[in-house]
Amino acid sequence: MAASNPKTLYDKVFEDHIVHKDDSGSSYLLYIDRHLVHEVTSPQAFEGLKNAGRTVRRSDCTLATVDHNIPTITRKNFKNVSTFIDQDDSRLQVETLEQNVKDFGVTYFGMDDGRQGIVHVIGPEQGFTLPGTTVVCGDSHTSTHGAFGALAFGIGTSEVEHVLATQTIIQAKSKNMRITIDGDLSEGITSKDLVLHVIGVIGTAGGTGCVIEFAGKAIENLSMEARMSICNMSIEGGARAGMIKPDQTTFDYVKGRPLAPKGVEWEKAVKYWKTLHSDEGAYFDYDIKIAASDIVPTITWGNSPQDALPITAAVPDPSTVTDPIKKDGMERALKYQGLTPNTKLVDIKIDKAFIGSCTNSRIEDLRAAAKVAKGHKKADNVKLVLVVPGSGLIKAQAEKEGLDKIFEAAGFSWREAGCSMCLGMNPDILDPEERCASTSNRNFEGRQGARSRSHLMSPAMAAAAAIKGHFTDIREFDYINHDEAAIQIHTEEEDKALQDAVYEHEKEIIEDTPTTEAERLYDIPKSSSTEPAAKKAKIDDTVGGMDKFTVLTGITAPLEKANVDTDAIIPKQFLKTIKRTGLKTGLFYEARFTKDPETGKDVETDFVLNVGDYRKAEILLVTGDNFGCGSSREHAPWALKDFGIKCMIAPSFGDIFYNNSCKNGLLPIRIPQEVIKEKLYPVVKAGFQLTVDLPKQEIRHGETDEVLVENFDIEEFRKHCLVNGLDDIGLTLQKEDFIKKFEEVRRDKYSFLEGGSKLIKPAKGTKKSVYGLKTQEW
Ligand SMILES: CC(C)[C@H](C(=O)O)[C@@H](O)C(=O)O
Ligand code: SF4
């Protein structure tokens, strides 16, 4: 029977988490069920809590690990972080997290815990991620968890602090987009090909302001791991989140995981989860259909994930493009990537390959790569093939299956779990101009190392490129063993048995885990006041301050570029700070500086912010779409602010960047591209300043005061906070009664969510886990 008020999956999960709706009706306070924390985006958040004498409200809803900075070399001789991590700034970030989790009582998988791994891998693996939950993390690929029908999205550091302190987040409702993949995928086509194809179709700004629901037969037929790879990359399509309705595949995956509900709570949970689907007739703002049969092995050629092409294609030719911004972007990308138009993709040679990242480092990915590598050797021109499992548990499972031996025999390098060369915040980086076949999710300039050249593809295609030495159509790859059994393809039952063996040590711990709600809650603080506090200082719930934004007349620098990602605004090497300030030098670092070949020192380029008065610019006028796309790093607005920028005008912004800017008193203004081109750009190019008047929502000519743009768009609540310089943690804490009420209802209605990460039992003493690493001591 059709529902009388049909809702989408997103609408349902959103509505089930509303704590409070503000008077303007455009801003909601949402309850957060699951918060994942890593070392890069949390230090400043914990520092904020400490300074205000605040606690972590729900440490049971919080789970921390280290992933970005850690070396992936063997941990055989691991004693502690201080002696193991060579890079000072990386070590400091990891040590800072280790201190913070102690101070605030947060469950943590450290480097000596076999359950450590990439945040987006360990959440699902532990059963911490559950259908219908809200999941956040200071990381853009939090969208991964949407594969479970969770509403999962990346947040900035200020929001991390907000969630730690209040267990809520302030959100506007996104639009609904549905992408239906009809029919069956052809033989050998993976979820990575599917998602690269989708991004190629909608573009990296295509999902801006939307939550995407992936639907259709091709999606329903995918495993959970494949679904995770798709939702993972919805951020690369510009979306706030990606979601897939939970079904039997989801329930089978979740059941039996260490933190999944058990017994009666499991039954109760599944009953609720089965209601989580888009109703017939539900309204989608955008409804896109793609035929599965159109999808072929896909790889990227340029510096944006939307630069995706079938492996059978050739490098595009800018001379065929008329749009000047596109043409310029294409020429720049070809130059950066060292590619000649019309070269066949399969003729392009590689230097290195990387199989890993939160997109493709799970056991099925490793099996797919091993199937290709089996019986082969990497090509001589390929200097390094890194295989980096997503977690210690995946590593252990792969080793039980003998995949490590297959990789090693092929000359690949088998590593410990972490983010590794996806971002290269650890020592795993490409040298300048090296070309990499990578299973990661971003091919931005400098992403895998200064002047590195990344090409995104599936694990099988990356392994095939490593073997052949050049990009290869996996459909034509000459497997040594056509007999799949030869590389241990398992039945579902065998898989479950293997998984159980790997979880052996955890099962011991879980065996005496209580199953009734009362028992499950025995170690959960009954109210936030009993949570361990960093400092038992007087709790300061007054509404604090950030810089006010009212009227600004300032020098305006034009930036004629589209898809400026946050990696370009502030490259990874500057993310290793534990402070919010001192990032001025890092702003647009790769574009602003170049190395003097003689002295090896940084010298300025002719980038706009290095030119004349633009050094004192306070406003940035961006002519292309999607400014600040990509990573959730709040370091991007911090760096802009440090430079002196207070306002950015662009046709569209990456969602997380937009939020992060507002939280720091910076004003991002969305203005249609034609208006920028016709009204603002000529004024700025003629050297005049602009006046931005937030209370009146106007942009005026800085000298004549002529109104150039009237009534620009901004949510009422954001405007209120910016104009008055209000810190939203203080504001939210004033809604304590609403939060408490929500928690009371949640304890009853969603009792299967209680317990969370606190159900991870301390490993006893220094017992060795099944994979030989010492388990965490608590
Ligand atoms: C470090 C973190 C802020 C970042 C992200 O948000 O995505 C990183 O994981 C990345 O992939 O660039
Ligand atoms: S995208 Fe890369 S760096 Fe970011 S969380 Fe995933 S693996 Fe880590």
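Residues numbered from 1 in each chain as written. Chains lettered and ligands numbered in written order. Predicted model: local features only at pLDDT ≥ 70, side-chain atom pairs only at ≥ 80, totals over all residues. Heavy atoms only, no water.

J.: Would you mind going over the site of ligand 2 with me for this structure?
T.: All residues in the neighbourhood of ligand 2 are listed as His 68, His 120, Asp 139, His 141, Ser 357, Cys 358, Cys 419, Cys 422, Leu 423, Asn 441 and Arg 447. Looking at the shell around ligand 2 residue by residue, the classes come out as four nonpolar, five polar and two charged. (Near = heavy atom within 4 Å. Nonpolar A, V, L, I, M, F, W, Y, C, P; charged D, E, K, R; others polar.)

J.: Can you help me understand the sheet that holds strand β1 (residues 18-21) in this one?
T.: Where strands meet in a sheet, backbone hydrogen bonds hold them as pairs that are either parallel or antiparallel. The strand order across the open sheet built from three strands is β1-β2-β8, with neighbouring strands paired in antiparallel fashion. Each edge of the open sheet carries a strand with a single partner, namely β1 and β8 (168-171). Strand-to-strand twist in this sheet, taken as the mean axis angle between neighbours without regard to direction, amounts to 25°. Where strand β2 (residues 28-31) and β8 come together, four bridges link them in antiparallel fashion. Considered in β8, the bridge of Tyr 28 is made with Gln 171. (Pairing = 2+ DSSP bridges. Helix = DSSP H or I, 4+ residues; strand = E, 2+ residues; numbered from the N terminus. Axes fitted to C-alpha atoms, helices over the stretch in contact; angles between N-to-C directions.)

J.: How do you make sense of the packing of aromatic side chains when you look at a structure like this?
T.: Aromatic rings in a pair are described by how distant their centres are and how their planes are angled relative to each other. On inspection of all chains with the given rule, the structure shows 22 aromatic pairs. Each ring, one from Tyr 31 and one from Phe 742, has its centre 4.9 Å from the other, and the planes form 25°; the classification is stacked. Taken together, the residues Tyr 31 in strand β2 and Phe 742 in helix α27 (residues 736-749) connect sequence positions 711 residues apart. Of the two residues, Tyr 31 and Phe 742, neither departs from the other in class, the shared state being buried. Pairing Tyr 750 with Phe 752 gives two aromatic rings, centres 6.2 Å apart and planes at 80°, and the pair type is edge-to-face. For Phe 752, a relative accessible area of 2% gives the class buried. Of the aromatic side chains, those joined through ring pairs into one cluster are Phe 251, Trp 266, Tyr 272, Trp 273, Tyr 750 and Phe 752. Stacked on the ring of Phe 14, the Lys or Arg Lys 173 has its end atom at 5.4 Å from the ring centre. Sitting over the ring of Tyr 658, Arg 670 keeps its end group 3.9 Å from the ring centre. (Phe/Tyr/Trp six-rings, centres within 6.5 Å; stacked < 30°, edge-to-face > 60°. Buried < 20%, exposed > 50% of the residue type's maximum accessible area, 1.4 Å probe, protein only. Lys NZ or Arg CZ within 6 Å of the ring centre and 35° of its normal.)

J.: When you look at the sheet that holds strand β19 (residues 453-456) in this model, what are you seeing that I'm missing?
T.: The strand order across the open sheet formed by five strands is β17-β16-β15-β18-β19, and the pairing between neighbours is parallel. For this open sheet the edge positions go to β17 (413-414) and β19, each flanked by a neighbour on one side alone.

J.: What am I meant to see in the nonpolar core here?
T.: Buried together is how nonpolar side chains tend to be arranged in soluble globular proteins. Ranked by internal contacts, the top residues of the largest apolar core, which has 85 residues, are Leu 151, Ile 179, Ile 181, Phe 214 and Trp 273. At six residues, the largest contribution of residues to this core is made by helix α7 (residues 191-202). Contacts of Ile 181, omitting those with residues within four sequence positions, involve Leu 194, Val 198, Ala 215, Gly 216, Lys 217, Ala 218, Ile 219, Ile 290, Ala 292 and Ile 295. Listed in part, the 72 residues of the second largest apolar core include Phe 574, Tyr 589, Phe 627 and Leu 690. (Core = buried A, V, L, I, M, F, W, Y, C linked by side-chain atoms within 4.5 Å. Contact = heavy atoms within 4.5 Å.)

J.: What's the story with the site of ligand 1 in this structure? I'm lost.
T.: Taken together, the neighbourhood of ligand 1 is formed by Val 40, Thr 41, His 68, Asp 139, Ser 140, Leu 423, Arg 442, Arg 447, Ser 631, Ser 632 and Arg 633. Contact between ligand 1 and Ser 140: an oxygen atom at 2.5 Å from a side-chain N or O atom of the residue. In this structure, Ser 631 approaches ligand 1 through a side-chain N or O atom, which is 3.5 Å from an oxygen atom. Look at ligand 1: alone it shows 310 Å² of surface, and the protein chains cover 97% of it. (Polar contact = N/O pair within 3.5 Å; in protein donor to acceptor, adjacent residues only side chain to side chain. Areas by Shrake-Rupley, 256 points an atom, 1.4 Å probe, with all protein chains shown as cover.)

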